[in-house]
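Listed here are the chains, written in short residue letters.
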Amino acid sequence: MTIVFNRDLIEKCQKNAPRYTSYPTADRFNTDYTKALHLNQLQQLAQDNKEFISLYIHIPFCNTLCLYCGCNKIITNDRTTIKKYINYLDKEIALYYAQIKKKFKVVQLHFGGGSPSWMDKQEVKLVMDIINKYFDLSQAKEIAMEIDPRHCGDDYVLNLKQLGFNRISLGIQDFNPKVQKAVNRIQSFEESKVILDAGKKYGFNSTNVDLIYGLPHQTKESFDETINKILELNPDRIALFNYAHIPQIFMPQQRIKEEDLPNSSVKLDILQSSVNKLGQHGYKFIGMDHFALADDDLSKALASGNLQRNFQGYSTFADTDMVSFGVSSIGYINNGYYQNAKDLTSYYLSLDNNQLPNFRGFLLSSDDLIRKYVISEIMCKYQINYKQIEQKFNIVFKDYFATEIKNLENQIELNLVTANQEGFNVTEMGRFLIRNIAVIFDNYFAKDNDSKKYSKVI
């Protein structure tokens, strides 16, 4: 399976842009989205005749600090801290249910973090019992957890299967000992193999591994060895992320020496070699930084035009409202995003006062909804059909997006996009630079163009 990779073009098109796990992006959220507005949104959700929703549960705890990580996490080895948090999760979900008074069917449930697997088996069961009390998981297509192999084993994966989980995702990043030491994540090949083997043995629908290129001391040769080991593990999906070094935002990254980071040329060496190896071993390029085997649901969703995108990246079941719980978690209901308090003190205080802990959000305007849809079509279907969007939103596409179509001309000249009177299509090479294309339709980015807060596209 050949994957088109044009190194010269990537170098030419390098820029900073959002990843578009949402539109508008989370940095646009504000406190105009009040608790009263959120309650109104929940009441509207209760009245809507929607068959399914998605759920996200944020478990912020880790036992060690990975220096590259930009997630909202809390480092602790105190089990009472975790048990206290679960009690407050129970309280939050009960408060939500008091507003909804409806046991929604769930199509997708995702545990993120932090390291959700830092919960022990009984703690996971306790959270699942809480969820089952207020939601119907009987028809869930995907129940997933992010796993840290350093503190889990075969028995942990079996327990997840018995609780209804059918997908796991492993953070690996790099197997090279020097790189692992530099980012404070020592993780052996054997530890990772135990989890992936268990996933296959117990019949999980899909396994994913996360890798990062651009970490300190990485070379093409060293990362080739990591990719070879990943191919031996044979996960169903691979996410190959570009390390975003933003120490002014993520404090732990200040402990990573910039002089140890590979330069842009070496990073492209790593990416190009990795992409070629993955293609040669049957991985289909989904888009941006995601790869999947041909028989995986992600590949099937791409082929059928059902690929979706949410805060966890590319997905097959994301086209629903998403209700989220836990500190810092982000949800989407009734054309509005909401985010919970980012720190435990504020999160707990709201719940102690019998208030849901959201502190900001964003209610989408009619223009936001149109642009959200267009950007989603670009990111997931890699094409825009003018007539289809005109019928859906009662607009004339070429009039509404006259400036954007003009700005798209450069992408056409670079062969990232092909266009005709009916619409435009993203080329296979354009999938690597899909953010360059999507950002053209981002009205907020166009107004302030503050690209420094976003990572580079490659």
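This one's a predicted model, so the numbers in the text were calculated from it and none came from an experiment.

**Student:** Which residues make up the overall build of the protein, and what are the values?
**Tutor:** From N to C terminus, the protein includes 19 helices and 19 strands. Over its C-alpha trace the protein gives a radius of gyration of 22 Å, about what one expects of a compact globule, namely 23 Å for 458 residues. Taken along the three principal axes of its C-alpha coordinates, the protein extends 55 × 55 × 40 Å. When each of the 458 residues of the protein is scored for burial, the buried share is 56%. Within the protein, contacts between residues separated by at least 24 positions form 74% of all contacts whose residues are at least 6 apart in sequence. Within the structure as shown, the protein displays about 19000 Å² of accessible surface, and the carbon and sulfur contribution to it stands at 47%. Charge centroids of the protein, computed over 54 positive and 53 negative side chains, lie 2 Å from each other.

**Student:** Provide a residue-level description of the pairing of strand 4 (residues 105-113), including the pertinent values.
**Tutor:** Counting buried residues in strand 4 gives 8 out of 9 residues, a clear majority hidden from the surface. Direction of pairing for strand 4 relative to strand 5 (residues 142-147): parallel, over a ladder of 4 bridges. Each bridged residue has a counterpart across the sheet, and for Leu109 the counterpart in strand 5 is Ile143. In this fold, the crossover linking strand 4 to strand 5 by way of helix 4 (residues 121-134) has right-handed handedness.

**Student:** Explain the sheet that holds strand 17 (residues 383-385) to me, and be specific about the residues and the numbers.
**Tutor:** Each strand in a sheet pairs with its neighbour through backbone hydrogen bonds, running either in the same direction (parallel) or in the opposite one (antiparallel). The sheet built from 3 strands is open, its strands ordered 17-19-18 with antiparallel pairing. Edge positions in the sheet fall to strand 17 and strand 18 (417-420), since each of these pairs with one other strand and no more. Here the average twist between neighbouring strands, direction ignored, is 15°. Contacting strand 17, strand 18 and strand 19 (423-426), helix 13 (residues 386-393) runs over the sheet at an angle of about 60° to strand 17.

**Student:** Report on the nonpolar core, specifying residues and quantitative values.
**Tutor:** If you look at the biggest cluster of nonpolar residues, it comprises 129 residues, and the most contacted ones within it are Phe111 and Phe135. Residue contributions to this core peak at 9 residues, all from helix 3 (residues 79-100). Beyond its immediate sequence surroundings of up to four residues, Phe135 is in contact with Ile53, Leu55, Ile93, Tyr96, Lys103, Phe104, Val106 and Phe325. Ranked by size, the runner-up nonpolar core spans 11 residues in total, among them Cys66, Val183, Ile212 and Ile256.

**Student:** Give a detailed account of unusual backbone geometry, specifying residues and quantitative values.
**Tutor:** Here the residue pair Tyr23 and Pro24 is connected by a cis peptide bond, since its omega of -5° sits within 30 degrees of zero. The residue Pro24 is located in the loop between helix 1 (7-12) and helix 2 (35-47) in this model. Even without being a glycine, Asn334 presents a positive backbone phi close to 50°. Its relative accessible area of 12% is what places Asn334 among the buried residues. In the Ramachandran plot, Asn394 falls in the positive-phi region, its phi being about 55° despite a non-glycine side chain.

The rules behind the values
- Residues numbered from 1 in each chain as written.
- Predicted model: local features only at pLDDT ≥ 70, side-chain atom pairs only at ≥ 80, totals over all residues.
- Heavy atoms only, no water.
- Helix = DSSP H or I, 4+ residues; strand = E, 2+ residues; numbered from the N terminus.
- Rg over C-alpha atoms; globule rule 2.2 N^0.38 Å.
- Buried < 20%, exposed > 50% of the residue type's maximum accessible area, 1.4 Å probe, protein only.
- Contact = heavy atoms within 4.5 Å.
- Areas by Shrake-Rupley, 256 points an atom, 1.4 Å probe, with all protein chains shown as cover.
- Lys, Arg positive; Asp, Glu negative; His and termini not counted.
- Charge placed at Lys NZ, Arg CZ, Asp CG, Glu CD.
- Pairing = 2+ DSSP bridges.
- Right-handed = clockwise from strand over helix to strand, strands pointing away.
- Axes fitted to C-alpha atoms, helices over the stretch in contact; angles between N-to-C directions.
- Core = buried A, V, L, I, M, F, W, Y, C linked by side-chain atoms within 4.5 Å.

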